[in-house]
Number of protein chains: 2
Amino acid sequence: MSRTLTQTEARDLIAANKLGHLGCIAESRPYVVPINYIFEDGQIYSHSLPGLKIEAMRTEPHVCLQVERIEDNFNWRSVVAYGAFEEIRVPSERNDVLGKLLAQFPLLTPVESLMAEDGNAPNSVVFRIVVDRITGVAEECWRE
Amino acid sequence: MSRTLTQTEARDLIAANKLGHLGCIAESRPYVVPINYIFEDGQIYSHSLPGLKIEAMRTEPHVCLQVERIEDNFNWRSVVAYGAFEEIRVPSERNDVLGKLLAQFPLLTPVESLMAEDGNAPNSVVFRIVVDRITGVAEECWRE
(Lines give C-alpha, C1' and ligand atoms only; values in the text may rest on other atoms or scores of the structure.)
Protein backbone atom coordinates (compact mmCIF):
# COMPACT_ATOMS: atom_id res chain seq x y z
CA MET A 1 0.00 0.00 0.00
CA SER A 2 3.03 2.25 0.08
CA ARG A 3 4.66 3.40 -3.10
CA THR A 4 7.92 4.94 -4.21
CA LEU A 5 7.75 8.65 -4.92
CA THR A 6 8.88 9.92 -8.29
CA GLN A 7 11.97 12.11 -8.28
CA THR A 8 9.75 15.11 -9.02
CA GLU A 9 7.43 14.33 -6.10
CA ALA A 10 10.40 13.83 -3.81
CA ARG A 11 12.04 17.11 -4.86
CA ASP A 12 8.74 18.96 -4.55
CA LEU A 13 8.43 17.80 -0.94
CA ILE A 14 11.96 18.94 -0.10
CA ALA A 15 11.29 22.29 -1.79
CA ALA A 16 7.97 22.76 0.05
CA ASN A 17 9.39 22.14 3.52
CA LYS A 18 11.77 24.19 5.63
CA LEU A 19 12.40 21.78 8.47
CA GLY A 20 14.14 18.46 8.01
CA HIS A 21 16.10 15.95 10.02
CA LEU A 22 19.81 15.78 9.37
CA GLY A 23 21.39 12.37 9.77
CA CYS A 24 25.13 12.17 10.26
CA ILE A 25 27.79 10.19 12.09
CA ALA A 26 28.93 11.79 15.34
CA GLU A 27 31.59 10.05 17.38
CA SER A 28 31.17 6.92 15.23
CA ARG A 29 27.44 6.68 15.89
CA PRO A 30 24.33 7.79 14.03
CA TYR A 31 23.13 11.21 15.11
CA VAL A 32 19.92 13.02 14.12
CA VAL A 33 19.10 16.68 14.58
CA PRO A 34 16.32 18.92 13.21
CA ILE A 35 17.53 21.73 10.96
CA ASN A 36 16.03 24.53 8.91
CA TYR A 37 17.19 24.55 5.31
CA ILE A 38 16.57 25.95 1.87
CA PHE A 39 16.62 23.86 -1.30
CA GLU A 40 18.03 25.57 -4.36
CA ASP A 41 19.38 24.23 -7.64
CA GLY A 42 19.06 20.72 -6.26
CA GLN A 43 21.30 21.40 -3.26
CA ILE A 44 20.44 21.84 0.41
CA TYR A 45 21.72 24.95 2.20
CA SER A 46 21.81 25.58 5.92
CA HIS A 47 23.96 26.98 8.64
CA SER A 48 24.74 26.32 12.25
CA LEU A 49 26.82 27.57 15.09
CA PRO A 50 29.84 25.32 15.67
CA GLY A 51 29.01 22.24 17.67
CA LEU A 52 28.51 18.51 17.54
CA LYS A 53 26.85 18.32 14.12
CA ILE A 54 29.42 20.57 12.44
CA GLU A 55 32.28 18.57 13.92
CA ALA A 56 30.52 15.38 12.87
CA MET A 57 30.05 16.50 9.26
CA ARG A 58 33.60 17.80 9.00
CA THR A 59 34.84 14.38 10.10
CA GLU A 60 32.39 12.31 8.04
CA PRO A 61 30.86 14.38 5.24
CA HIS A 62 28.41 11.73 4.04
CA VAL A 63 25.09 12.85 5.48
CA CYS A 64 21.39 12.75 4.71
CA LEU A 65 18.42 15.04 5.15
CA GLN A 66 15.04 13.45 5.78
CA VAL A 67 11.95 15.51 5.06
CA GLU A 68 8.36 14.44 5.69
CA ARG A 69 4.75 15.41 5.43
CA ILE A 70 2.61 13.41 7.85
CA GLU A 71 -1.16 13.84 7.79
CA ASP A 72 -1.91 10.69 9.74
CA ASN A 73 -0.66 7.12 10.01
CA PHE A 74 -2.27 6.31 6.68
CA ASN A 75 -1.23 9.36 4.71
CA TRP A 76 2.35 10.46 4.74
CA ARG A 77 5.38 11.03 2.59
CA SER A 78 9.00 10.75 3.63
CA VAL A 79 12.00 11.65 1.51
CA VAL A 80 15.69 11.12 2.15
CA ALA A 81 18.27 13.19 0.27
CA TYR A 82 21.77 11.75 0.49
CA GLY A 83 24.78 13.92 -0.11
CA ALA A 84 28.07 15.36 1.01
CA PHE A 85 28.63 18.17 3.49
CA GLU A 86 30.54 21.08 2.00
CA GLU A 87 31.41 24.19 3.96
CA ILE A 88 30.92 27.50 2.16
CA ARG A 89 33.94 29.63 3.05
CA VAL A 90 34.26 32.08 0.15
CA PRO A 91 33.01 35.31 1.80
CA SER A 92 30.87 36.54 -1.13
CA GLU A 93 29.17 33.17 -1.56
CA ARG A 94 28.81 32.72 2.20
CA ASN A 95 27.13 36.13 2.54
CA ASP A 96 24.83 35.37 -0.38
CA VAL A 97 23.67 32.07 1.12
CA LEU A 98 23.44 33.51 4.63
CA GLY A 99 21.27 36.33 3.25
CA LYS A 100 18.87 33.82 1.71
CA LEU A 101 18.75 31.80 4.93
CA LEU A 102 18.09 34.90 7.02
CA ALA A 103 15.35 35.96 4.59
CA GLN A 104 13.64 32.58 4.98
CA PHE A 105 14.23 32.21 8.69
CA PRO A 106 14.32 35.70 10.16
CA LEU A 107 14.23 34.37 13.66
CA LEU A 108 16.92 31.71 13.56
CA THR A 109 18.21 31.30 17.07
CA PRO A 110 18.40 34.32 19.37
CA VAL A 111 22.18 34.23 19.33
CA GLU A 112 22.24 34.24 15.56
CA SER A 113 19.55 36.91 15.33
CA LEU A 114 21.63 39.20 17.52
CA MET A 115 24.62 38.58 15.28
CA ALA A 116 22.51 39.18 12.19
CA GLU A 117 21.37 42.51 13.62
CA ASP A 118 25.02 43.42 13.83
CA GLY A 119 25.26 42.81 10.10
CA ASN A 120 26.89 39.42 10.17
CA ALA A 121 26.99 36.10 11.89
CA PRO A 122 30.68 35.59 12.42
CA ASN A 123 30.61 32.20 14.06
CA SER A 124 27.96 30.57 11.92
CA VAL A 125 29.14 27.78 9.69
CA VAL A 126 27.35 28.06 6.35
CA PHE A 127 27.19 24.83 4.38
CA ARG A 128 25.55 22.97 1.57
CA ILE A 129 24.72 19.33 1.18
CA VAL A 130 25.70 18.35 -2.35
CA VAL A 131 22.86 15.96 -3.08
CA ASP A 132 23.68 12.83 -5.06
CA ARG A 133 20.60 10.69 -4.49
CA ILE A 134 17.01 11.21 -3.39
CA THR A 135 14.59 8.47 -2.39
CA GLY A 136 11.03 8.82 -1.22
CA VAL A 137 8.08 6.75 -0.14
CA ALA A 138 4.39 7.51 0.30
CA GLU A 139 1.52 5.88 2.08
CA GLU A 140 -1.80 7.04 0.65
CA CYS A 141 -5.13 5.68 1.75
CA TRP A 142 -8.72 6.70 1.85
CA ARG A 143 -10.45 6.30 5.21
CA GLU A 144 -14.20 6.52 5.78
CA MET B 1 20.71 30.67 25.26
CA SER B 2 20.32 26.94 24.82
CA ARG B 3 20.84 24.60 27.70
CA THR B 4 21.40 20.93 28.30
CA LEU B 5 18.34 19.03 29.46
CA THR B 6 18.53 17.04 32.63
CA GLN B 7 18.21 13.27 32.25
CA THR B 8 14.74 13.48 33.78
CA GLU B 9 13.63 16.19 31.32
CA ALA B 10 15.06 14.20 28.41
CA ARG B 11 13.33 10.99 29.50
CA ASP B 12 10.06 12.82 30.08
CA LEU B 13 10.15 14.12 26.51
CA ILE B 14 10.77 10.65 25.10
CA ALA B 15 7.97 9.25 27.26
CA ALA B 16 5.55 12.02 26.21
CA ASN B 17 6.05 11.53 22.47
CA LYS B 18 5.06 8.70 20.18
CA LEU B 19 6.82 9.77 17.00
CA GLY B 20 10.58 9.98 16.71
CA HIS B 21 13.26 9.90 14.06
CA LEU B 22 15.38 6.78 13.92
CA GLY B 23 18.95 7.30 12.81
CA CYS B 24 20.89 4.32 11.53
CA ILE B 25 23.51 3.32 8.97
CA ALA B 26 22.05 1.90 5.76
CA GLU B 27 24.43 0.80 3.04
CA SER B 28 27.29 2.56 4.83
CA ARG B 29 25.50 5.92 4.92
CA PRO B 30 23.41 7.73 7.53
CA TYR B 31 19.70 7.07 7.12
CA VAL B 32 16.78 8.70 8.96
CA VAL B 33 13.19 7.52 9.10
CA PRO B 34 10.21 8.52 11.27
CA ILE B 35 8.90 5.77 13.54
CA ASN B 36 6.24 5.33 16.14
CA TYR B 37 7.53 3.92 19.40
CA ILE B 38 6.75 3.29 23.03
CA PHE B 39 9.19 4.00 25.86
CA GLU B 40 9.08 1.56 28.73
CA ASP B 41 11.55 0.74 31.48
CA GLY B 42 14.07 3.01 29.82
CA GLN B 43 13.99 1.12 26.50
CA ILE B 44 12.43 2.03 23.18
CA TYR B 45 10.08 -0.45 21.53
CA SER B 46 8.82 -0.46 17.98
CA HIS B 47 8.15 -2.71 15.04
CA SER B 48 8.37 -2.60 11.30
CA LEU B 49 7.76 -4.66 8.24
CA PRO B 50 11.03 -5.95 6.80
CA GLY B 51 12.80 -3.38 4.66
CA LEU B 52 15.72 -1.02 4.47
CA LYS B 53 15.76 0.09 8.12
CA ILE B 54 15.49 -3.45 9.49
CA GLU B 55 18.29 -4.66 7.21
CA ALA B 56 20.33 -1.62 8.23
CA MET B 57 19.88 -2.23 11.96
CA ARG B 58 20.62 -5.95 11.64
CA THR B 59 23.89 -5.05 9.91
CA GLU B 60 24.85 -2.14 12.19
CA PRO B 61 22.91 -2.27 15.46
CA HIS B 62 24.16 1.05 16.83
CA VAL B 63 21.26 3.43 16.26
CA CYS B 64 19.68 6.50 17.77
CA LEU B 65 16.18 7.86 18.23
CA GLN B 66 15.72 11.61 18.10
CA VAL B 67 12.59 13.07 19.69
CA GLU B 68 11.60 16.70 19.70
CA ARG B 69 9.04 19.23 20.80
CA ILE B 70 9.15 22.34 18.66
CA GLU B 71 6.93 25.29 19.54
CA ASP B 72 8.79 27.80 17.43
CA ASN B 73 12.38 28.66 16.50
CA PHE B 74 12.91 30.06 19.98
CA ASN B 75 11.29 27.36 22.02
CA TRP B 76 12.12 23.75 21.38
CA ARG B 77 13.61 20.66 22.92
CA SER B 78 15.42 17.88 21.14
CA VAL B 79 16.60 14.63 22.67
CA VAL B 80 18.75 11.86 21.24
CA ALA B 81 18.67 8.38 22.76
CA TYR B 82 21.58 6.21 21.67
CA GLY B 83 21.37 2.48 21.86
CA ALA B 84 21.57 -0.93 20.27
CA PHE B 85 18.96 -2.59 18.08
CA GLU B 86 17.76 -5.89 19.46
CA GLU B 87 15.18 -8.05 17.75
CA ILE B 88 12.53 -9.57 19.98
CA ARG B 89 12.05 -13.12 18.75
CA VAL B 90 10.75 -15.01 21.79
CA PRO B 91 7.07 -15.49 20.84
CA SER B 92 5.59 -14.66 24.25
CA GLU B 93 7.66 -11.51 24.61
CA ARG B 94 7.07 -10.54 20.99
CA ASN B 95 3.30 -10.87 21.42
CA ASP B 96 3.40 -8.88 24.62
CA VAL B 97 5.29 -5.99 23.01
CA LEU B 98 3.22 -6.14 19.84
CA GLY B 99 0.06 -5.96 21.93
CA LYS B 100 1.30 -2.80 23.65
CA LEU B 101 2.28 -1.25 20.31
CA LEU B 102 -1.12 -2.09 18.79
CA ALA B 103 -2.87 -0.62 21.84
CA GLN B 104 -0.94 2.65 21.41
CA PHE B 105 -1.10 2.76 17.64
CA PRO B 106 -4.33 1.05 16.62
CA LEU B 107 -3.94 2.19 13.05
CA LEU B 108 -0.36 1.34 12.30
CA THR B 109 -0.03 0.88 8.59
CA PRO B 110 -2.95 -0.59 6.63
CA VAL B 111 -0.99 -3.76 5.90
CA GLU B 112 -0.21 -4.23 9.55
CA SER B 113 -3.76 -3.40 10.62
CA LEU B 114 -5.10 -6.09 8.34
CA MET B 115 -2.63 -8.53 9.82
CA ALA B 116 -3.56 -7.41 13.31
CA GLU B 117 -7.22 -8.06 12.55
CA ASP B 118 -6.18 -11.60 11.71
CA GLY B 119 -4.83 -11.88 15.24
CA ASN B 120 -1.18 -11.48 14.45
CA ALA B 121 1.32 -9.61 12.35
CA PRO B 122 3.48 -12.44 11.04
CA ASN B 123 5.95 -10.40 9.03
CA SER B 124 6.46 -7.58 11.47
CA VAL B 125 9.85 -7.36 13.07
CA VAL B 126 9.40 -6.38 16.71
CA PHE B 127 12.44 -4.77 18.28
CA ARG B 128 13.79 -2.73 21.13
CA ILE B 129 16.52 -0.17 21.27
CA VAL B 130 18.57 -0.90 24.38
CA VAL B 131 19.33 2.66 25.41
CA ASP B 132 22.79 3.38 26.79
CA ARG B 133 22.92 7.18 26.63
CA ILE B 134 20.48 10.07 26.36
CA THR B 135 21.38 13.66 25.58
CA GLY B 136 19.07 16.62 25.20
CA VAL B 137 19.13 20.32 24.53
CA ALA B 138 16.56 23.08 24.94
CA GLU B 139 16.15 26.57 23.63
CA GLU B 140 13.79 28.57 25.83
CA CYS B 141 12.99 32.23 25.30
CA TRP B 142 10.30 34.72 26.04
CA ARG B 143 9.06 36.73 23.09
CA GLU B 144 6.93 39.85 23.32
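It should be noted that the structure appears before, not after, this text.
The structure contained in this document is the topic of the report that follows. Quantities reported herein were computed from a predicted structural model and do not represent experimental measurements. (Residues numbered from 1 in each chain as written. Chains lettered and ligands numbered in written order. Predicted model: local features only at pLDDT ≥ 70, side-chain atom pairs only at ≥ 80, totals over all residues. Heavy atoms only, no water.)

**Focus on the pairing of strand 3 (residues 29-36) of chain B**
Residues and elements named next belong to chain B. The criterion, for reference: Burial classes: relative accessible area under 20% of the type maximum marks a residue as buried, over 50% as exposed, and values in between as partly exposed (1.4 Å probe, protein chains only). Helix and strand definitions here come from DSSP, where helices need a minimum of 4 consecutive H or I residues and strands a minimum of 2 consecutive E residues; each element is numbered from the N-terminal end. Strands pair, by our definition, only if DSSP identifies at least two bridges between them.
Burial runs high along strand 3: 7 of the 8 residues are buried. In terms of strand pairing, strand 2 (residues 19-26) meets strand 3 through 8 bridges, oriented antiparallel. Bridge pairing in strand 3 links Ile25 to Pro30. Taking the residues that link successive antiparallel strands as the turn, the strand 2-strand 3 hairpin has 2 residues, and the phi of Glu27 there is positive, at about 55 degrees.

**Brief notes about the state of the cysteines**
Going by this rule: Disulfide assignment relies on a single distance test, namely cysteine sulfur atoms paired within 2.5 Å.
Under the definition given, this model contains 0 disulfides over all chains. Free cysteine: Cys64 of chain A, not disulfide-bonded; nearest cysteine sulfur from Cys24 of chain A at 8.6 Å.

**A word on the pattern of salt bridges**
Side-chain pairs of opposite charge can arise where the charged atoms are in close proximity. All names here are of chain B. For clarity, the threshold we go by: Any carboxyl oxygen of Asp or Glu within 4 Å of a side-chain nitrogen of Lys or Arg constitutes a salt bridge here.
Summed over the entire model, instances satisfying the criterion amount to 28 salt bridges over all chains. Among the ionic pairs, Arg58 bridges to Glu87, the shortest N-O distance being 2.9 Å. Of this pair, Arg58 sits in helix 2 (residues 52-59) while Glu87 is found in strand 7 (residues 75-87), placing the two residues 29 residues apart along the sequence. Its salt-bridge partner being Glu87, residue Arg89 comes within 3.4 Å of it at the nearest N-O pair. The class of Arg89 is exposed, set by a relative accessible area of 62%.

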